[in-house]
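Topology and contacts: notes
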Amino acid sequence: MEERRWANLAVVNMLKCNLNKYIQDKVHRIPEILINDHNFLIDELPSQLVSDLHEKVKFMVRTGFEKECVDQYCTWRREFLDLAEKELSIQEIEEKRRIKTWIKESNVSLKILFPNERRLCDRIFLGFPSVADCSFAQICGEFTTNLLDFANGFANGSHMLNLLPSVLQVFGVLHELIPEFESVFLDQFSVSLRSEAATTGRRLRKAINGMFMQLEKLINCDTSQVACPGGICPVTVEVMNHLSAVGEFGSSWLSAEVTRIIALLESHLEAKSKDYSNPALGFVFLMNNERYIEKKAKQYQLDKILGNHWIRQRAAKVRENSEHYRRSSWEEVLGFLKLSTEQIEEAESMKKKLNLFNLRFKEIWMDQSAWFMHDEELREEMIASLRKILSRTYGLFIWSFNKILGKDAHECIRYSVLDIEDLLKDLFGWRGEQLAEMKD
């Protein structure tokens, strides 16, 4: 027995040496040589020890001591797994680290330890396949159940949204290990472990679906207020924060759920935009939130699940709402600058148009300088677009105005083209001091 214990310790030390970088997070994958070699356990054990054990097994089974034989063998191998678990694990209290430890234990167990134990059982109990199967199930059963109990803890828990990253991570790892469960636990004695793993996977998936239902409820029950005019809705931030876990730990099977949740969020935002008395501010609100959704989807790598077409659709929605904003805010202002093509404009008519433009431009400027644009790039795009349209149209009007009124024109012109361009830079900018100056 002492020789066997020393053999266990030698094998564990060999494993620890080869897996140290993986256990310490210095590499993210188990060395392929360990995964592909299911004979390393037999090779590392003294060959004479393996031969002697096989002979003792034959003698004990044939003389009616099968149970005692299996008990002794399983005790030895469980001691090895206990030692391996102790030496290869990092004991952590924090949940994120505990999950990482569980992931490593699961991968090492299903990809290295259990396949090698299977091969060793077949070698030691050569000629007694049913005894080998029974022994293997007893050796690995408790360890496998402990691994699955950890996963079941997340499946059994509440559907709190803050647990979504953990549940997704555990489910993803278990899903990837199902082929290992199926290949290792094939016989009649261990098939229940394979079934237990599949059941745990289904329960985790059900828990994830429940969390998406909580996300849906979060959106439908939202009554939050936006902190600044046209700003990001708190529920948008909260939903996208929760969906970040999908980009990190999820997979394509969640694409339909993510698409549904974001579509529901967008419908909710559309309804909230109608609460603004100024339609233009409602469109700014939609632009802000759509751009936020688009940027966070890219940041959280949701495009890998939803596809680039989905991302392009979000960008198209931002452009669509920017066009709605421009029309609702500036169509009337641009109308004042429209010149007749059929007859020469009269001086008084042009003065009236210019006065109306000055009045309305000032009103819009004062209102929209206090509005909020979350994304600086979008803000610059909007201002550049308005500057291009207004500068050209206003410049043509002022040129015609100067031509008709001559030297008297300057008395009526409040803004130069450069003034218009400079004032447009203040839109969506919270320029409190400049607002006060203009009011004066």
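Residues numbered from 1 in each chain as written. Predicted model: local features only at pLDDT ≥ 70, side-chain atom pairs only at ≥ 80, totals over all residues. Heavy atoms only, no water.

Topic: the overall build of the protein
When you go through the protein residue by residue, the secondary structure sums to 18 helices and 0 strands. For the protein, the spread of C-alpha atoms along the three principal axes comes to 125 × 40 × 40 Å. Across the 440 residues in the protein, those meeting the buried criterion constitute 47%. Here the analysis covers contacts within the protein between residues at least 6 apart in sequence; of these, 79% occur between residues at least 24 apart. Roughly 22600 Å² of accessible area belongs to the protein as shown, and the carbon and sulfur atoms make up 51% of that amount. One way to put it: in the protein the 58 positive side-chain charges average out to a point 2 Å from where the 65 negative ones average out. (Helix = DSSP H or I, 4+ residues; strand = E, 2+ residues; numbered from the N terminus. Buried < 20%, exposed > 50% of the residue type's maximum accessible area, 1.4 Å probe, protein only. Contact = heavy atoms within 4.5 Å. Areas by Shrake-Rupley, 256 points an atom, 1.4 Å probe, with all protein chains shown as cover. Lys, Arg positive; Asp, Glu negative; His and termini not counted. Charge placed at Lys NZ, Arg CZ, Asp CG, Glu CD.)

With respect to empty space enclosed by the protein
Counted under the stated rule, the structure contains 2 cavities of 30 Å³ or more. In this model, the second largest cavity occupies a volume close to 30 Å³. Taken together, Trp102, Ser106, Leu110, Leu147, Leu148, Leu174, Leu177 and Phe181 make up the full set of residues lining the second largest cavity. Sorting the residues of the lining of the second largest cavity by element identifies helix H6 (95-124), helix H7 (129-156) and helix H8 (164-184) as the ones contributing at least two each. Taken together, the residues that form the lining of the second largest cavity break down as 7 nonpolar, 1 polar and no charged. (1 Å grid on protein atoms, 1.4 Å probe; cavity = no way out; pocket = protein on both sides within 12 Å on 5 of 7 lines; lining within 4 Å. Points joined across faces, edges and corners; volume = space filled by probe spheres on them. Nonpolar A, V, L, I, M, F, W, Y, C, P; charged D, E, K, R; others polar.)

Examining unusual backbone geometry
Even without being a glycine, Asp25 presents a positive backbone phi close to 65 degrees. When you line up the elements, Asp25 lands in the loop between helix H1 (2-23) and helix H2 (32-36). At Gln301, a position not held by glycine, the phi torsion is positive, near 60 degrees. Residue class for Gln301 comes out partly exposed when judged on its relative accessible area of 36%.

As for the nonpolar core
Of all hydrophobic cores here, the largest spans 140 residues; its most connected members are Phe114, Leu243, Tyr325, Trp330 and Phe357. With residues near it in sequence (within four places) discarded, Trp330 still touches Tyr325, Phe361, Ile364, Gln368, Leu386, Leu390, Leu424 and Leu427. (Core = buried A, V, L, I, M, F, W, Y, C linked by side-chain atoms within 4.5 Å.)

Comments concerning the confidence of the model for the protein
Residues at a pLDDT of 70 or more form 94% of the protein, whose mean pLDDT is 90. Every residue in residues 431-440 scores below 50 in pLDDT, and together they form 14 contacts with partners more than four places removed in sequence or on other chains. (pLDDT = per-residue confidence, 0-100.)

Brief notes about the packing of helix H9 (residues 191-220) against helix H10 (residues 234-249)
For the pair H9 and H10, the least separation of the axes is 10 Å and the interaxial angle reads 170 degrees. With respect to H10, the axis of H9 lies roughly antiparallel. The residues of H10 that touch H9, namely those facing Phe212, Leu215, Leu218 and Ile219, are Val235, Glu238, Val239, His242, Leu243 and Val246. Class assignment for the residues of the contact of H9 with H10 results in 8 nonpolar, 1 polar and 1 charged. (Axes fitted to C-alpha atoms, helices over the stretch in contact; angles between N-to-C directions. Parallel < 35°, antiparallel > 145°, perpendicular 65-115°, else oblique.)

Quick word on H10
Given a rise of 1.5 Å per residue, 16 residues ought to cover 22 Å, and the 24 Å separating the end C-alpha atoms of H10 matches this to within 8%. Buried within H10 we find Val235, Thr236, Val239, Met240, His242, Leu243, Ala245, Val246 and Gly247. Buried-residue contacts for H10 involve H8, H9, helix H11 (255-273), helix H12 (279-299) and helix H13 (303-306). (Expected span 1.5 Å × (residues − 1).)

Quick notes on the layout of surface pockets
Taken as a whole, the largest pocket spans an internal volume of roughly 1000 Å³. Lining the largest pocket are 32 residues, and of these Ile103, Asn107, Gln169, Val173 and Glu176 sit closest to its centre. Listed by contribution, the elements that provide at least two residues to the lining of the largest pocket are H2, H6, H8 and H10.

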